[in-house]
Amino acid sequence: MIRNCFQTTFFNIFIINSVISTENPSPQTVHLMGICGTAMTALAGCLQSLGMRVTGSDAHPYPPMSGHLRAMGIEPCEGYRAENIPNHAELVVVGNVIAEANPEAVEMRRRGLPYLSMAAAVKRFAIGDRHAIVVAGTHGKTTTTSLAAHLLVELGADPGFLIGGIARNFGTNFRMGGDSRGGGDLFVIEGDEYDTAYFDKTPKFFKYEPRTLIFTSLEFDHADIYDDLDAIRTQFAGLLRSMPAGGRVIACTDDPNVRGLLSEASCEVAGYGFGAEAQWRLTSWRPDGEGGVFELREGGRRKNIWRIPMPGRYNALNAAAVIALVSGLENPASAAGYPPAAIQAALDAFKGVRRRQEVRGVADGVTVVDDFAHHPTAVRLTVEAMRGRYPGRRLWAVFEPRSFTARGGRFQREFTEALAGADRVVLARPFTSEVSAGIVPQDANTTVPQGANTIVPQGANTIVPQDANTIVPQDANTIVPQDVNTIAPLDVDAIAAELRRGGLDAEALADTEAILAHLTSEARPDDVVLIMSNGGFDDIHDRLLAALHQRTGAPGASGAAITTTAHS
């Protein structure tokens, strides 16, 4: 459901200037609500690197982000309480998991503290006026962003970046840039179509003001805030229209939903894909060990044969997008641009992202792989990639429906088809704790307080000095969340039954303990166990490795042959 409300440009500019004039331009103590979110953790690191004291809280801190924060010297408070906000806090950053009724949000308003959404804080403190390279789309954002940041660093461009995962080449998910080999005028970031905060229902990607946009894919997702694909399409169309005339869009023209929107852009558009219409066309792809090899042609000309260390045809597309990106950027060292040999060397050195096809360990001959997949397309592609990476080995697909989109029954058939590519399937019951604990964003029954005295604009650099009388202006880019109770839940028993009718061994089990017992009993040496969830899944990966190792009677926990690759 998209809500519209007319606001005059002059009035919005006047209000924005009025609000900005009240900002503290250099806060010394910043409190982050929802600090264990991947982007919020990265922002915490950015703010700390600028000399600010950072505190934060989250409902249930869990690895890897909780450990990453502690490594930076930031101890997240567990649970939300008014007293978590330091008395001397000068700014609060509100994550989009925070509902209006959250006790810290209530305390923030009571004390009249200035605040920003995560996306607005990133724009103000990290991106600034740098050239923003934004990676947007339903799939592929994290790996493509990580790969782009890695290549640019290796090529000497010295970018800043903010990634929705721990990039293994850097051991972190953020970098301010501009502090080593010169330059630093680029900033690479994921652009999420999810809404920004309880007080700002516009997609986060608008806040980053991209000058270069990589547009990977477009499917229905985020069923908690979007009614249908058309509602999401509206947001991406707005993003393309917002591109500056001198900007550049690098878009996957294999995706018909992406292709159908490209006329909205008023800047240069470079398509990539396997189709004949792509300017950057992949004319071949084959698996090769743990990765793959593909040929990429620009404008019909022979370009290069490229090797990538990540499995899956879709990762070849992600790599093609990044090759097109760096080929279109100026190389300060050479008018000829970045040499192919240097680009290939950077590709060879890419180590991927944690929780994207990450091998967590090998125990008693069983390989345990962790992946973040939660949309049926991502599940299907990840299963296919594991087939290519481990040919001839028995593949288990263990799936926890955790995100709102995964828990709903809208993709019942699609999840069944996506999991059918495995040899054995284990389904967890749809995760429910996020809703009951109030961790998910507010639904349509949670209202923004309305008053007659204050209008708060949605500017990327706006710190909102909060009071109780706030009108949030609605426009065509405003997302109104849907009630979490209006969508029927995913029926994992029916999925398992349908897979069994197709001849596949499939089980829907009661809880993590039952899944662990089943895997420990049934997995055999040379099996690959692919575990997919966008949450912690009760630390199932390490617990499974320990149980598998224990059944050998040997001391210790995890095994050998640890390798990693990535996708998102």
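Everything below is about the structure printed above this text.
As a starting point, this report considers the structure included with it. Here the structure is a predicted model, which means the values were calculated and not measured.

## Points about the side chain of Asp192
Working step 1: Along the chain, the position of Asp192 falls in the loop between strand E9 (186–191) and strand E10 (195–197).
Working step 2: A distance of 3.0 Å separates a polar atom in the side chain of Asp192 from the backbone nitrogen of Tyr194.
Working step 3: Asp192 has contacts with Pro203, Lys204, Phe205 and His222, leaving out every residue within four places of it along the chain.

## Some thoughts on unusual backbone geometry
Residues apart from glycine generally show negative phi values, whereas peptide bonds are mostly found in trans.
Working step 1: Although it is not a glycine, Glu209 adopts a positive phi angle of roughly 50 degrees.
Working step 2: As for its placement among the helices and strands, Glu209 is situated in the loop between strand E11 (200–203) and strand E12 (212–215).
Working step 3: One non-glycine residue, Asp538, lies in the positive phi region at around 55 degrees.
Working step 4: Examined against the element boundaries, Asp538 turns out to sit in the loop between strand E26 (528–532) and helix H17 (540–550).

## Regarding the packing of aromatic side chains
Two numbers describe a pair of aromatic rings. These are the distance of the centres and the angle of the planes.
Working step 1: Going through the model one piece at a time under the given rule, you end up with 8 aromatic pairs.
Working step 2: On the basis of an interplanar angle of 45 degrees and a centroid distance of 4.7 Å, the ring pair of Phe161 and Phe170 is categorised as tilted.
Working step 3: Note on Phe170: relative accessible area 26%, which makes it partly exposed.
Working step 4: Seen in terms of ring centroids, Phe205 and Phe206 are 5.1 Å apart; in terms of plane orientation they differ by 70 degrees. Their pairing is edge-to-face. Of the two residues examined, Phe205 and Phe206, each falls in the buried class.
Working step 5: Through a chain of ring-to-ring contacts, three or more aromatic side chains come together here, namely Phe205, Phe206, Phe215 and Phe236.
Working step 6: Positioned over the ring face of Phe274 is Arg313, at 3.6 Å from the centre of the ring.

## Re the packing of helix H2 (residues 38–49) against helix H5 (residues 118–127)
Working step 1: Where H2 contacts H5, the axes come no closer than 11 Å and their chain directions differ by 30 degrees. Here H2 is positioned roughly parallel relative to H5, judged by the angle of their axes. For the element pair H2 and H5, the recorded crossing hand is left-handed. Residues Ala39, Met40, Leu43, Cys46 and Leu47 of H2 form the contact with H5, whose participating residues are Met118, Ala121, Val122, Phe125 and Ala126.
Working step 2: Tallied by class, the residues present in the contact of H2 with H5 amount to 10 nonpolar, no polar and no charged.

## As for the packing of helix H6 (residues 141–154) against helix H10 (residues 340–348)
Working step 1: Two elements in contact, H6 and H10, have axes whose closest approach is 9 Å; the angle formed by their N-to-C orientations is 125 degrees. As the angle between them shows, H6 and H10 are arranged oblique. The two elements H6 and H10 meet at a crossing, and its hand is right-handed. On H10, the residues touching Leu147, His150, Leu151 and Glu154 of H6 are Ile343, Ala346 and Leu347.
Working step 2: Among the residues forming the contact of H6 with H10, the class breakdown is 5 nonpolar, 1 polar and 1 charged.

## Here we look at the pattern of salt bridges
Working step 1: Scanning all chains against the criterion turns up 33 salt bridges.
Working step 2: Asp348 is the partner of Arg307 in a salt bridge, and the nearest nitrogen-oxygen pair spans 2.8 Å. Taken as a pair, Arg307 in strand E17 (residues 301–308) and Asp348 in helix H10 lie far apart in primary sequence, 41 residues in all.
Working step 3: The exposure class of Arg307 is partly exposed, given its relative accessible area of 40%.
Working step 4: The residue Arg402 makes a salt bridge to Glu400 at a minimum N-O spacing of 3.4 Å.

How each quantity is defined
- Each chain carries its own residue numbering, running from 1 in the written order of its sequence.
- Selection of residues for local features in this predicted model requires a pLDDT of at least 70, selection of side-chain atom pairs for listing and counting requires 80 or more, and totals for whole chains, interfaces and linings are taken over all residues.
- Computation of side-chain values covers all heavy atoms of the structure but excludes hydrogens and water.
- Helix and strand definitions follow DSSP, with helices as H or I runs of at least four residues and strands as E runs of at least two, each counted in order from the N terminus.
- Between N or O atoms, a polar contact is any pair within 3.5 Å; within protein, one atom must be a potential hydrogen donor and the other a potential acceptor, and residues adjacent in sequence are included only when both atoms are from side chains.
- We call two residues in contact whenever any of their non-hydrogen atoms come within 4.5 Å of each other.
- Between 30 and 60 degrees the pair is tilted, below 30 it is stacked and above 60 it is edge-to-face, where a pair is any two Phe, Tyr or Trp rings, Trp via its six-membered ring, whose centres lie within 6.5 Å.
- Partly exposed describes any residue whose relative accessible area lies between the buried limit of under 20% and the exposed limit of over 50%, with all areas from a 1.4 Å probe on protein chains only and scaled to the type maximum.
- Only when the NZ atom of a Lys or the CZ atom of an Arg is both within 6 Å of the ring centre and within 35 degrees of the ring normal do we say a charge sits over the ring.
- Lines are fitted to the C-alpha atoms to define the axes, a helix being fitted only along its stretch in contact, and any angle between axes, read from their N-to-C directions, falls within 0 to 180 degrees.
- Reported orientations rely on four angle classes, namely roughly parallel under 35 degrees, roughly antiparallel over 145, roughly perpendicular from 65 to 115, and oblique for the rest.
- For a crossing to be left-handed, the near helix must be turned anticlockwise from the far one by less than a right angle; the clockwise case is right-handed.
- Ten residue types, Ala, Val, Leu, Ile, Met, Phe, Trp, Tyr, Cys and Pro, are classed as nonpolar, four, Asp, Glu, Lys and Arg, as charged, and the remainder, Gly among them, as polar.
- By definition here, a salt bridge exists when the distance from a side-chain nitrogen of Lys or Arg to a carboxyl oxygen of Asp or Glu is within 4 Å.

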